[in-house]
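An overview of the molecular structure
The primary structure of each chain is shown beneath.
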Amino acid sequence: MIRHLAQIQCDAQAAPSQLLLLAQERPDGSWHVYDLGDRPTIDYPQDELPAATLVLVHLDQQQQPIALQEATDWLLNVVKHHLTPGIITPEFVQQEREKIEAWRQEITAQSQDFTRRQLELEVRREQLEALEQKLPQS
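Residues numbered from 1 in each chain as written. Predicted model: local features only at pLDDT ≥ 70, side-chain atom pairs only at ≥ 80, totals over all residues. Heavy atoms only, no water.

**Quick notes on a nonpolar patch on the surface**
Taken together, Ile-87, Ile-88, Phe-92 and Val-93 make up a surface patch of nonpolar side chains, about 310 Å² in accessible area. By the element assignment, Ile-88 lies in the loop between helix 1 (72-82) and helix 2 (90-134). With relative accessibility at 54%, the residue Ile-88 sits in the exposed group. (Patch = residues over 30% accessible without salt bridge, like charges linked within 9 Å, V, L, I, M, F, W, Y side chains within 5 Å. Areas by Shrake-Rupley, 256 points an atom, 1.4 Å probe, with all protein chains shown as cover. Salt bridge = Lys/Arg side-chain N within 4 Å of Asp/Glu carboxyl O. Helix = DSSP H or I, 4+ residues; strand = E, 2+ residues; numbered from the N terminus. Buried < 20%, exposed > 50% of the residue type's maximum accessible area, 1.4 Å probe, protein only.)

In structure tokens:
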């Protein structure tokens, strides 16, 4: 079940309404925003919400809507928790920088360990080849 932010599109000439997909939630909780010219639409036969309403829609594997909810409260919550003054403080930024630096150091250490192990394996392989050459040929 994949969650999307969508906008209801109603066309008087088209029988079913459509959902214009604006963004898709990724498994890690981040969101991919579709480019303006690359926004897919899905038929959605409903008449309970007006055109241009923003909704959260859950799609199944066949890209069919299985759950829909109006997105105003969700969007206001995002704004409240991520975009209001005081949320992103200098202390918050410093904490995030420290996390990034710790991750960088951890990755560097893992990379160095991996390189060391590769070199050890290469030395062992060369030693085995040298021993094989010294063995009497049968």
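**Points about the nonpolar core**
For soluble globular proteins, the rule of thumb is that nonpolar side chains tend to be buried together. Core analysis: the biggest nonpolar cluster contains ten residues, these being Ala-6, Ile-8, Leu-19, Leu-21, Tyr-34, Ile-42, Tyr-44, Val-55, Val-57 and Leu-59. Broken down by secondary-structure element, the contributors of at least two residues to this core are strand 1 (2-9), strand 2 (17-25), strand 4 (41-44) and strand 5 (54-59). Those residues in contact with Leu-19, other than ones at most four positions away along the chain, are Ala-6, Gln-7, Ile-8, Pro-40, Thr-41, Ile-42, Tyr-44, Val-55, Val-57, Pro-65 and Leu-68. (Core = buried A, V, L, I, M, F, W, Y, C linked by side-chain atoms within 4.5 Å. Contact = heavy atoms within 4.5 Å.)

**Considering the environment of Pro-50**
The residue Pro-50 is located in the loop between strand 4 and strand 5 in this model. Sequence separation between Pro-50 and Glu-101 is 51 residues; the distance between their C-alpha atoms is 48 Å.

**So, the packing of aromatic side chains**
Summed over the entire model, instances satisfying the criterion amount to one aromatic pair. Summarising the aromatic geometry, the rings of Trp-31 and Trp-74 are spaced 5.3 Å apart at their centres and angled 55° between planes, so their arrangement reads as tilted. Taken together, the residues Trp-31 in strand 3 (residues 31-33) and Trp-74 in helix 1 connect sequence positions 43 residues apart. Trp-31 gets classed as partly exposed once you look at its relative accessible area, which sits at 24%. (Phe/Tyr/Trp six-rings, centres within 6.5 Å; stacked < 30°, edge-to-face > 60°.)

**Describing unusual backbone geometry**
The phi angle at Ala-52 is positive, at roughly 75°, despite the residue not being glycine. On the secondary structure map, Ala-52 appears in the loop between strand 4 and strand 5. Relative accessible area serves as the criterion here: at 47%, Ala-52 is assigned to the partly exposed category.

**Some words on the side chain of Arg-3**
One can find Arg-3 in strand 1. If we ignore the near neighbours within four places in the chain, the residues touching Arg-3 are Ala-23, Gln-24, Glu-25, Trp-31, Leu-56, Val-57, His-58 and Trp-74.

**What about the side chain of Thr-53?**
Structurally, the position occupied by Thr-53 is in the loop between strand 4 and strand 5. Given a relative accessible area of 11%, Thr-53 falls into the buried group. Here Pro-50 takes part through its backbone oxygen, which lies 2.7 Å from a polar atom of the side chain of Thr-53. Non-local contacts of Thr-53, meaning those with residues more than four positions away in its chain, are made with Ala-6, Gln-7, Ile-8 and Glu-70. (Polar contact = N/O pair within 3.5 Å; in protein donor to acceptor, adjacent residues only side chain to side chain.)

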